[in-house]
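Summary of the model geometry
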Amino acid sequence: MNFPPWVSRASSPFVSTSGPDFVVNGSLLKYIGTNAYWLPTLNTNEDIWNTLGNVSALGIKVIRLWAFNDVDTIPVNGTWFQLIKDGTVSVNDGPNGLQKLDTRGLYVILSLTNNWDPFANATAVTNSSIPRNYLSNNYGGMDLYVQQFGLQTHDQFYTNPSILTSFMNYTTQVVSRYVNSPSVFSYELANDPRCNSTFPASSNCTTETITTWHATVAAHIRSIDPNHLISSGVGGYMCTDCPKLYPLTPSPAPPAPSPALGKKKRSQGKPVTKEQILRERSERRRRNRETAKRAGTLVEDGVRIRGRWVSTATKRQQTSTTGSLYDGAYGVDSQDISNIPDIGFSSFQLFPDQQSYGPDDSNVAPWQSVEQNGAQWITNQAQSASAVGKPAVLTGFGLVTQTNAPYFVPFNSTVAPFATDENSTGYGVTSQEQASTYTSWINTGIAAGLNGIVQYQWGQTNLTAEPGTTISPSTTTGQSPTPSSPGEAPTPQETTGESPNDGYSMFVVWPFYSDMY
């Protein structure tokens, strides 16, 4: 039986939704999660199980990972799921293929493709010294399809019939494996889909292009699997003034469980508007100015005319526009996507090192501007999900620290811009600022009613290292092995290694995760 995505199945072991809540085994579910896109690439099943055990030991209930690993040449070593070559595809369901997804013990969000694949663009600068699958953008994805099908623009992934058929065939292979597995939390259609990537967007790509693709693929998955939730994976970008393919309608909401004693029952909210966004930014700026004035640290940011401070033309323009987050510039209307009937819940991301989430405020420290803009983003996303009457999940958030700055690689790049000491000086927040910001964002999310909060990303040590794989051996000096001089003993290789670090990995226990839900 095909259950509509809002229908709760009482004591079912499969996660479902009831109005704005997740339900499993007859109980409401809220969760803290983590990302480990690299988990299926680990060299031994023991490493996978140990990683899941360490994650679970912190009380984390959900892990998000890549359920795709596309190549255009079959590698000698390591994991790969699908060969895409010259317009043809073949799926690897062997021990180094889809079988690596057969994880148990935690709920998993299976992401089916990626918007980002700079390695597919022959004109892009790439770093060949990084092992394959080390970076999250080195697993193939949309642009590899575009390249291998002989096309030119990123959004042809969403519209080309041959690519769409090939992608849905791959999706069928994955979904069919797990129809009866309660371990799957949801199938995520794509990581951060939008009109552009390393390949440019065509002039024809609009929010309706991306929304239509979501509806098509979600309906295909639902025709195969009636048991599991389907989610989008978008970054959360909105278009407050765009026409909707799935407009909000005042239809009767399904009955929701009675709230616990002392708790109020949530009502369906209103959609986010441009006027609201500008009003909230103005109010926050006013509060910051008042606090700075009382502290004697007020910074005026205009020009002085006849004894009064007047904002400049640039400042007035900045305060009258919402910017690319809310105007559909990326071809994404997350509210419209969330309102697709087969989409079970709303999802969004938060990565200030990749994307600005609002104007800076000179009357607070730069990291506090980041924290405040992020908190508003979280609140707006929760409101948008409430408007469509579905749960909301922050599927990835991260902030680069000064310690991690040398390892930081943007999602649309293969090069670490701060890898050298000269470039990394001063970039990133301190570990204490990161912890404070994460705590603020998590508390904001809980207060706003988010149903899941997923940190990016988990860091794991003591992993088995094998040549030519994601976890490759290094020497004890951290360098690749080199021939020794005559009579000199070779530099020994390490037999264990760490999980990939793209600037966000955390290899220590996270105090802000304790007892959050």
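Residues numbered from 1 in each chain as written. Predicted model: local features only at pLDDT ≥ 70, side-chain atom pairs only at ≥ 80, totals over all residues. Heavy atoms only, no water.

With that out of the way, let us pick up the sheet that holds strand S11 (residues 229-231). Spatially, S11-S10-S9-S5-S4-S16-S15-S14 is the arrangement adopted by the eight strands of the open sheet, whose pairing is parallel. Among the strands making up the open sheet, the edge pair consists of S11 and strand S14 (346-350). Averaged over all adjacent pairs, the angle separating strand axes in this sheet is 25°, with direction ignored. (Pairing = 2+ DSSP bridges. Helix = DSSP H or I, 4+ residues; strand = E, 2+ residues; numbered from the N terminus. Axes fitted to C-alpha atoms, helices over the stretch in contact; angles between N-to-C directions.)

Once that is clear, we can look at the pattern of salt bridges. In the structure shown here, the tally under the stated rule is eight salt bridges. A salt bridge links Glu 283 to Arg 286, with the nearest nitrogen and oxygen atoms 2.3 Å apart. Note that Glu 283 and Arg 286 are positioned in helix H6 (residues 274-295) at a spacing of three residues, about one turn of the helix. Overall, Glu 283 belongs to the partly exposed group, its relative accessible area being 30%. Looking at Arg 286, the relative accessible area reads 37%, which means it is partly exposed. The closest approach of N and O atoms between Glu 290 and Arg 286, which form a salt bridge, is 2.5 Å. (Salt bridge = Lys/Arg side-chain N within 4 Å of Asp/Glu carboxyl O. Buried < 20%, exposed > 50% of the residue type's maximum accessible area, 1.4 Å probe, protein only.)

Assignment of secondary structure puts Ser 183 in the loop between helix H4 (161-177) and strand S10 (184-188). Residues contacting Ser 183, with those up to four places away along its chain left out, are Thr 103, Arg 104, Gly 105, Leu 106, Tyr 107 and Val 108. (Contact = heavy atoms within 4.5 Å.)

Here the residue pair Tyr 456 and Gln 457 is connected by a cis peptide bond, since its omega of 0° sits within 30 degrees of zero. Tracing the backbone shows Gln 457 in the loop between strand S16 (452-455) and strand S17 (463-464). The backbone of Asp 192 sits at a positive phi, close to 55°, despite the residue not being glycine. Along the chain, Asp 192 turns up in the loop between S10 and helix H5 (207-224). Here Asn 462, not a glycine, exhibits a phi torsion of approximately 60°, which is positive. Position of Asn 462 among the secondary structure elements: in the loop between S16 and S17. Using a relative accessible area of 58% as the deciding quantity, one classes Asn 462 as exposed.

Among the structural elements, Ile 471 can be located in the loop between S17 and strand S18 (496-497). Through-space distance from the C-alpha of Ile 471 to that of Tyr 134 is 7.9 Å; in sequence the pair is 337 residues apart. With residues up to four places along the chain from it excluded, the contact list for Ile 471 reads Leu 42, Asn 43, Leu 463, Thr 464, Ala 465, Glu 466, Gly 497, Glu 498, Ser 499 and Pro 500.

Glancing now at the side chain of Asn 451. Examined against the element boundaries, Asn 451 turns out to sit in the loop between helix H11 (431-448) and S16. Of the polar contacts made by the side chain of Asn 451, one reaches the backbone oxygen of Pro 20; its length is 2.9 Å. (Polar contact = N/O pair within 3.5 Å; in protein donor to acceptor, adjacent residues only side chain to side chain.)

Another aspect to go through is the packing of aromatic side chains. Enumeration according to the criterion identifies 34 aromatic pairs in this entry. Ring centres 5.8 Å apart and planes at 50° place the aromatic pair Phe 157 and Trp 213 in the tilted group. Of this pair, Phe 157 sits in helix H3 (residues 156-159) while Trp 213 is found in helix H5, placing the two residues 56 residues apart along the sequence. Overall, Phe 157 belongs to the buried group, its relative accessible area being 1%. Taking the centre distance of 5.9 Å and the plane angle of 75° together, the rings of Phe 185 and Phe 345 count as edge-to-face. Of this pair, Phe 185 sits in strand S10 while Phe 345 sits in the loop between helix H8 (334-338) and S14, and the two are 160 residues apart along the sequence. Owing to a relative accessible area of 1%, Phe 345 belongs among the buried residues under this scheme. Feature note: the residues Tyr 37, Trp 66, Phe 68, Tyr 139, Phe 351, Phe 408, Phe 411, Phe 418, Tyr 427, Tyr 456 and Tyr 504 constitute an aromatic cluster, connected by ring pairs. The ring of Tyr 330 carries Arg 194 above its face, with NZ or CZ at 4.7 Å from the centroid. (Phe/Tyr/Trp six-rings, centres within 6.5 Å; stacked < 30°, edge-to-face > 60°. Lys NZ or Arg CZ within 6 Å of the ring centre and 35° of its normal.)

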